[in-house]
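Topology and contacts: notes
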Amino acid sequence: MRTREEVLAFGMTFPDVYTDAPFHDDNWVLLRCKGNKKAFAWTYERNGRLCVNVKTDPAWRDFWRSAYPAVQPGYHQNKEHWNTIVLDGTIPEADVKRMIGESYDLVVGKGAKAPVRRE
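All values reported here derive from a predicted model rather than from experimental measurement.

Thresholds applied
Residues numbered from 1 in each chain as written. Predicted model: local features only at pLDDT ≥ 70, side-chain atom pairs only at ≥ 80, totals over all residues. Heavy atoms only, no water. Helix = DSSP H or I, 4+ residues; strand = E, 2+ residues; numbered from the N terminus. Polar contact = N/O pair within 3.5 Å; in protein donor to acceptor, adjacent residues only side chain to side chain. Contact = heavy atoms within 4.5 Å. Core = buried A, V, L, I, M, F, W, Y, C linked by side-chain atoms within 4.5 Å. Buried < 20%, exposed > 50% of the residue type's maximum accessible area, 1.4 Å probe, protein only. Arc of directions from axis to C-beta. Salt bridge = Lys/Arg side-chain N within 4 Å of Asp/Glu carboxyl O.

Observations regarding the side chain of Thr43
By the secondary structure assignment, Thr43 is in strand E3 (residues 39-46). There is a polar contact of 2.7 Å between the side chain of Thr43 and the backbone oxygen of Val29. Setting aside residues no more than four positions away along its own chain, Thr43 makes contact with Arg4, Val7, Leu8, Asn27, Trp28, Val29, Cys51 and Val52.

Considering the nonpolar core
Residues Phe40, Ile91 and Ile100 are the most contacted members of the largest nonpolar core, which totals 34 residues. Contributions of two or more residues to this core are made by helix H1 (4-11), strand E2 (29-33), E3, strand E4 (49-55), strand E6 (82-86) and helix H3 (93-108).

A short note on H1
The set of residues buried in H1 consists of Arg4, Val7, Leu8, Phe10 and Gly11. On an axial view of H1, the arc spanned by its buried residues comes to 160 degrees, and they lie on one face. In this structure, the buried side of H1 is in contact with strand E1 (17-20), E2, E3, E4 and H3.

Quick notes on unusual backbone geometry
With a phi close to 55 degrees, His24 is a non-glycine residue in the positive phi region. With respect to the helices and strands, His24 occurs in the loop between E1 and E2. Positive phi, normally seen in glycine, also occurs at Asn47, with a value near 55 degrees. Tracing the chain through its elements places Asn47 in the loop between E3 and E4.

Topic: the pattern of salt bridges
One pass over the structure, following the stated rule, counts 4 salt bridges. Among the salt bridges present, the one from Arg61 reaches Asp62, with a minimum N-O distance of 3.1 Å. Assessed through its relative accessible area of 16%, Arg61 is described here as buried. When its relative accessible area of 43% is taken as the criterion, Asp62 is described as partly exposed. We note a salt bridge from Lys97 to Glu93, for which the minimum N-O separation is 3.2 Å. Of the two residues, Lys97 and Glu93 are both situated in helix H3; the distance of 4 residues between them amounts to about one turn of the helix.

Next comes the structure, spelled out in structure tokens:
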């Protein structure tokens, strides 16, 4: 997964999701849950590289950061609960999808139907 279009297309496979550009800046496109309007993936370019911020369980936060140098503390977000994924091709697509899916699960909230995973 190397493009914004791929990230957004994958994110749209989850139930009740929409895209949003709340900052009136084409650089920032978010994936949000319709029910609570919370974002689970923030896509943007920084320093010439495409990035995605994803919510993460603090128990997994350091695992992802230590597993891949391209996973860093969340840019412009709470470093305890968000990671930035730099889409430079060094992280297997399955793991990028897993991190996006885990972010969706955390943001959609309890009591919601479990998402259908499409990998």
